[in-house]
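# Close look at the chain arrangement
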Amino acid sequence: MASIFDNYERQFGKLSAEITQMMAELLREYSDGNKKTISARISQTFEESNEILEQMELELDEMPSEARPKYSNRVQCFKKELENLRKEYKSPKYSIKQETRLRLDSDEIVHFDNRVDVDMRTQLLDNTSRLERSSNRLNDGVASALQSEEIGAGILADLSQQRETLQNSRERLRRANEDLSRSGRILSEMTKKQNRLVLVLVIFLLVMAFLAVIYTLLHKNSSSSDAANMLPNVQPTSTPSKNAIASL
């Protein structure tokens, strides 16, 4: 936005310089036809200057709020300068007729022309100074743009390097995730195998315990049978009869 505004400022300075130069030509011209032509050119240049000022005001609306006051003051200065030129152009000395100018004394004409030359020269110097300031601001803007471009290039390089680092980190994380997944599968398979071994061992122990119980029961029954067979046969004693007891 600032570069566009500076471009409008240079155009306005050029137009104001042309107005000043044509006003000086108008004072030196004695032909009514040529004066009309110059006056028409001056009026057209005034209109072009007004259009440039309107474009500047439109650019002000698009500028950031912090930069707007500075450029707004410059637009007001340009408007005041154009208004002063317009008032100067409407003064009687620019509408003086040929007969009146011919009746002026030669000394008055020389004095009048010299004063006009001084005024025009001052305005031309002011316009030249304004153009130089605009050029300096434009050069400063170009330098700032180049510096910003260098900073932007450095930032882009840093971002590219950081992006590459992030991609490498993501690749390492992906590989680590794959390794963890592979390790998890191996551990799962080992756990399944271990569970099967434990189950087989438990079943084996249960079978052995069951066989031991059966063996113990069978061995106990066999021992009881052998002990019973080894006991002697005992005959029952006879009971003495009543007669024997009575004889006693």
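Residues numbered from 1 in each chain as written. Predicted model: local features only at pLDDT ≥ 70, side-chain atom pairs only at ≥ 80, totals over all residues. Heavy atoms only, no water.

## As for the side chain of arginine 74
Among the structural elements, arginine 74 can be located in helix 3 (residues 68-89). Given a relative accessible area of 14%, arginine 74 falls into the buried group. Engagement of the side chain of arginine 74 in a polar contact is seen with the side chain of glutamate 9, the distance being 2.3 Å. Leaving out residues up to four positions away in the same chain, arginine 74 has contacts with Phe5, Asp6, Glu9 and Arg137. (Helix = DSSP H or I, 4+ residues; strand = E, 2+ residues; numbered from the N terminus. Buried < 20%, exposed > 50% of the residue type's maximum accessible area, 1.4 Å probe, protein only. Polar contact = N/O pair within 3.5 Å; in protein donor to acceptor, adjacent residues only side chain to side chain. Contact = heavy atoms within 4.5 Å.)

## Structural notes on the packing of helix 2 (residues 32-62) against helix 3
Two elements in contact, helix 2 and helix 3, have axes whose closest approach is 10 Å; the angle formed by their N-to-C orientations is 165°. Here helix 2 is positioned roughly antiparallel relative to helix 3, judged by the angle of their axes. Crossing geometry of helix 2 relative to helix 3 is assigned as left-handed. Residues Ser39, Ile42, Ser43, Phe46, Ser49, Asn50, Leu53, Met56, Glu57, Leu60 and Asp61 of helix 2 pack against Arg68, Tyr71, Ser72, Val75, Phe78, Lys79, Leu82, Leu85, Arg86 and Tyr89 of helix 3. (Axes fitted to C-alpha atoms, helices over the stretch in contact; angles between N-to-C directions. Parallel < 35°, antiparallel > 145°, perpendicular 65-115°, else oblique. Left-handed = near helix turned anticlockwise from the far one by under 90°.)

## Observations regarding the nonpolar core
Side chains that are nonpolar tend, in soluble globular proteins, to be buried together. If you look at the biggest cluster of nonpolar residues, it comprises 24 residues, and the most contacted ones within it are Phe5, Phe12, Ile19, Met23, Ile42, Phe46 and Met56. Mapped onto this core, the elements with two or more residues apiece are helix 1 (2-28), helix 2 and helix 3. For this core, the element with the highest residue contribution is helix 1, accounting for nine residues. The residues touching isoleucine 42, leaving out its near neighbours within four places in the chain, are Ile19, Met22, Met23, Leu26 and Tyr89. (Core = buried A, V, L, I, M, F, W, Y, C linked by side-chain atoms within 4.5 Å.)

## Some points on the packing of aromatic side chains
What the rule picks out here adds up to two aromatic pairs. Relative to phenylalanine 78, the ring of phenylalanine 12 has its centre 5.1 Å away and its plane inclined at 35°; by these criteria the two rings are tilted. A residue pair is termed long-range when its members are at least 10 positions apart, and phenylalanine 12 in helix 1 and phenylalanine 78 in helix 3 qualify at 66 residues. Across the pair, phenylalanine 78 and phenylalanine 12 agree in class, each one buried. Centre to centre, the rings of phenylalanine 46 and tyrosine 89 are 6.0 Å apart; their planes meet at 45°, and the pair counts as tilted. (Phe/Tyr/Trp six-rings, centres within 6.5 Å; stacked < 30°, edge-to-face > 60°.)

## Considering the UniProt feature "coiled-coil region" (unreviewed entry) in the protein chain
On the UniProt side, "coiled-coil region" (unreviewed entry) is annotated at positions that read residues 156-183 here. Measuring from the first to the last C-alpha atom of residues 156-183 gives 40 Å, for a span that is 100% helix and 0% strand. (UniProt positions renumbered as here; feature names shortened; annotations may be inferred.)

## Describing a negative patch on the surface
A cluster of acidic side chains, namely Glu18, Glu47, Glu48, Glu51 and Glu54, defines a negative patch on the protein surface. By residue number, the principal contributor to the negative patch is helix 2, which donates four residues. Tracing the backbone through its elements, the reader meets glutamate 48 in helix 2. The exposure class assigned to glutamate 48 is partly exposed, which follows from its relative accessible area of 33%. (Patch = residues over 30% accessible without salt bridge, like charges linked within 9 Å, V, L, I, M, F, W, Y side chains within 5 Å. Areas by Shrake-Rupley, 256 points an atom, 1.4 Å probe, with all protein chains shown as cover. Salt bridge = Lys/Arg side-chain N within 4 Å of Asp/Glu carboxyl O. Lys, Arg positive; Asp, Glu negative; His and termini not counted. Charge placed at Lys NZ, Arg CZ, Asp CG, Glu CD.)

## A word on the pattern of salt bridges
Per the counting criterion, the structure on display carries seven salt bridges. For the salt bridge of lysine 79 with glutamate 57, the shortest nitrogen-to-oxygen distance reads 2.1 Å. A residue pair is termed long-range when its members are at least 10 positions apart, and lysine 79 in helix 3 and glutamate 57 in helix 2 qualify at 22 residues. Since its relative accessible area comes to 31%, lysine 79 is described here as partly exposed. Residues aspartate 179 and arginine 182 are paired through a salt bridge, measuring 3.0 Å at the closest nitrogen-oxygen approach. Here aspartate 179 and its partner arginine 182 are both found in helix 5 (residues 106-230), three residues apart, which amounts to about one turn of the helix. Given a relative accessible area of 41%, arginine 182 falls into the partly exposed group.

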